[in-house]
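Coordinate analysis (summary)
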Amino acid sequence: MRIVNLAAYRFVTIDAIDNWRQQLAQKCEALGLRGTILLAPEGINLFIAGTPESAREFIDYLRGDPLFEGKFADLQFKESFSETQPFRRMLVKRKREIITMKKPAIRPELGRAPSVDAPTLKRWLDRGQDDDGRPVVMLDTRNAFEVDVGTFDKALDYRIAKFSEFPGIVESHRDEFEGKTIVSFCTGGIRCEKAAIHMKEVGIDHVYQLEGGILKYFEEVGGAHYHGECFVFDYRTALNPSLEPTETVQCFGCRAVVTPEAQRSPLYTPGKTCPACHPDKDAARAA
């Protein structure tokens, strides 16, 4: 059975979180969907999966039901496909932020961050500059272990361990952004939009977010100027530029990313350990 995987987010003021949470949970259960929906005063973030019929009905419900006051009427979803259900259960959670930065940068009523779509970005990267002649620099806003799976060519990678580190990193590296067009990017768009808003608020010019993130870029233009795969937070682990699951997995024991090459190590046992957490890892390195 083919499964449709949906990803979407929207920064928008939400007041009736508890009511929406209950209704969304009931609807997802009725449709047999699995995944996670996060609700916060600043907006919604979701990764869910189900049959094509249930996915389409959920999209129509979120866009059109009067409960949501028209706030998701034009919400765009990123879609990919898998042969099996990548989530084990359905969760609808209330959070303080839909992506934690610990900075009050997001004020939905003031509008979205400036963005660049995938075809325009590809054209810029082909030329090495934007339409105004400024050098284009890609800024990866994801955690370091995600970057290690794949990223844009020559992207700035500050080895972020958690997104709340981002404001401090920007402040310590802001001289590197002078005179350049900065394009922040992430998996699906949510981190890079918040990153772009923060950078604008602290006075950094010519900042854009990649509209729809890496997944939308793959969908619209493929893997041009990108090397590797894209880490995703479900049981597929990583997708290639054709949005197909790859052989990359996560270790059951420590959750480290395990490449196909690392899976050939004698220290890798599916469902138990990998070269990063095996008891004999130090001895193997010494040898």
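Residues numbered from 1 in each chain as written. Predicted model: local features only at pLDDT ≥ 70, side-chain atom pairs only at ≥ 80, totals over all residues. Heavy atoms only, no water.

1. Some words on unusual backbone geometry
A negative phi angle characterises most non-glycine residues, just as the trans form characterises most peptide bonds. The condition that has to hold: Here a helix means four or more residues in a row that DSSP labels H or I, a strand means two or more in a row labelled E, and each is numbered from the N terminus.
For arginine 159, which is not a glycine, the phi torsion comes out positive at approximately 55°. Among the secondary structure elements, arginine 159 is positioned in the loop between strand 8 (150-152) and helix 5 (166-173). A positive phi angle is found at leucine 243, which is not glycine, with a value near 60°.

2. Quick notes on the pairing of strand 9 (residues 181-185)
Keep this limit in mind: For every residue, the accessible area (1.4 Å probe, protein chains only) is compared with the maximum for its type, and the residue is labelled buried under 20%, exposed over 50%, or partly exposed between those bounds. Only strands joined by at least two bridges in the DSSP assignment are considered to pair. When the strands point away from the viewer, a crossover counts as right-handed if the route from the first strand across the helix to the second turns clockwise.
The buried count for strand 9 comes to 5 of 5 residues, which makes it a mostly enclosed element. By the alternation rule, side chains of strand 9 split into Thr181, Val183 and Phe185 and Ile182 and Ser184, which are all buried. The pairing of strand 7 (residues 136-140) with strand 9 spans 5 bridges and is parallel. Its bridge partner lying in strand 9, methionine 138 is registered against valine 183. Of the pairings in the sheet, the one linking strand 9 to strand 10 (residues 207-210) comprises 3 bridges and is parallel in character. Looking at the pairing, serine 184 lines up with glutamine 209 of strand 10. What joins strand 9 to strand 10 is helix 6 (residues 190-201), and the crossover it makes is right-handed.

3. So, the sheet that holds strand 4 (residues 78-82)
To be explicit about the condition: Geometry is summarised by axes, namely lines fitted to C-alpha atoms with helices restricted to the contacting stretch, and by angles between N-to-C directions that run from 0 to 180 degrees. Residues are treated as being in contact if the distance between any of their heavy atoms lies within 4.5 Å.
Taken together, 5 strands build an open sheet; the order of strands is 4-1-3-2-5 and the sheet is mixed. Each having just a single partner strand, strand 4 and strand 5 (90-94) make up the two edges of the open sheet. Averaged over all adjacent pairs, the angle separating strand axes in this sheet is 10°, with direction ignored. Bridge count between strand 2 (residues 34-40) and strand 5: 5 bridges; the pairing is parallel. Paired with glycine 35 across the strands is methionine 90, a residue of strand 5. Running over the sheet, helix 1 (residues 17-31) touches strand 2 and strand 5 and is turned about 175° from strand 5. Of the strands in this sheet, strand 1 (3-11) and strand 3 (43-50) touch helix 6, which is tilted by about 15° from strand 1.

So yeah, pure geometry; function would need other evidence.
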